[in-house]
Amino acid sequence: MGNQKRQRQKAAKAARLQAEQKRQSRKENFKRLGIGLGMAVVLVTVLVVCNLGGGQDEGEDASVELSDTYQEYRERPTACQADQPAQLRPMSFEGFEPQGILPADVVTARVKTSCGEVVIELETTNPETVNSFVFLARQGFYDGMVFHRILEGFVVQGGDPSATGREDAGYEIADEFPPEEFQYNRGVVAMANAGKNTTGSQFFWMLDDAPFLNPQYNVLGRITEGLDVLDLIAQIPTSLSPTGEQSLPREALYIESVEITVGS
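In this report, the structure presented in the accompanying data block is examined.

In this section: the sheet that holds strand E6 (residues 155-158). Whether parallel or antiparallel, the strands of a sheet pair through hydrogen bonds between backbone atoms. The eight strands lie next to each other as E5-E6-E8-E7-E9-E4-E3-E12, forming an open sheet whose pairing is antiparallel. The open sheet is flanked by strand E5 (149-151) and strand E12 (255-263), the only strands paired with a single partner. Each strand of the sheet is rotated relative to its neighbour by a mean of 25°, with strand direction disregarded. When strand E7 (residues 188-191) meets strand E8 (residues 203-206), the two strands line up antiparallel, connected through three bridges. Each residue of the ladder has a partner; that of Val 189, found in E8, is Trp 205. Strands in contact with helix H3 (residues 127-139) are strand E3 (106-113), strand E4 (116-122), E7, E8, strand E9 (219-225) and E12; relative to E12, the strand with the most contacts, it is inclined by about 125°.

Structure, rendered in structure tokens:
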């Protein structure tokens, strides 16, 4: 009887361990941009993508290495038959430095990609979101990154230096969610997150209207020039991602540079 009891205890412990491992695996694979879709309007199942990376020292850090996934993208053809830019410089930060941007300021980000330039007018009423993005852009954090997710009819997502969807700049900022009636329509740019107060450096551009998307993502701004670039991006061939989503780019779509302009 004693042996049977010990065996049952061991079996129960093993079952708990297996359940915890599965839970952690789901947490790793299904975090950022966690959008639970109904089947209305768009017949896609959007899985929660991306994890959260930690940071050590502020600025460029020799201990931060380029991921194998990013290196694999460097071996793929460049999207839109563009030239391959210089590779990104690994960086990690403990936080962002305030950039002195005021709600009345007019701030634009000119993002040069492999498929053309996109101009984003930033939503300066979201100070944490805009100051963080501007800080990272001015550091050159985004230069040389690839977009790791292109989901036709929905989003193109980037901002992860590892190109896996699981990392960020090393810090998180507060939630600045839009009102309940907000619509993430074509051209809106918002920040991905893994839950409450976990917004980092990852962002997504809306390729199409998404009335089913809950207003739970900080709005960075709206594309005012270069909507035609979104159409080119949507044509980049994709394959199945590790989560089973048809969103893994087969060509490398790079962010070549981000230029910030501040006016009033």
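Glancing now at the pattern of salt bridges. A complete count under the given rule lists four salt bridges for this structure. One salt bridge in this structure joins Arg 110 and Glu 117, with 3.0 Å as the shortest N-O distance. Judged by its relative accessible area of 33%, Arg 110 falls in the partly exposed class. A salt bridge links Asp 231 to Arg 186, with the shortest nitrogen-to-oxygen separation between them at 3.2 Å.

Moving on, we come to the packing of aromatic side chains. Counted by the stated rule, this structure contains 15 aromatic pairs. A ring pair is formed by Phe 133 and Phe 203, whose centres lie 6.2 Å apart and whose planes are at 85°; its orientation type is edge-to-face. Residue Phe 133 is located in helix H3, and its partner Phe 203 is located in strand E8; the two are separated by 70 residues in the primary sequence. Residue Phe 203 is classed as buried on the basis of its relative accessible area, which comes to 3%.

Conventions adopted
- Residues numbered from 1 in each chain as written.
- Predicted model: local features only at pLDDT ≥ 70, side-chain atom pairs only at ≥ 80, totals over all residues.
- Heavy atoms only, no water.
- Pairing = 2+ DSSP bridges.
- Helix = DSSP H or I, 4+ residues; strand = E, 2+ residues; numbered from the N terminus.
- Axes fitted to C-alpha atoms, helices over the stretch in contact; angles between N-to-C directions.
- Contact = heavy atoms within 4.5 Å.
- Salt bridge = Lys/Arg side-chain N within 4 Å of Asp/Glu carboxyl O.
- Buried < 20%, exposed > 50% of the residue type's maximum accessible area, 1.4 Å probe, protein only.
- Phe/Tyr/Trp six-rings, centres within 6.5 Å; stacked < 30°, edge-to-face > 60°.

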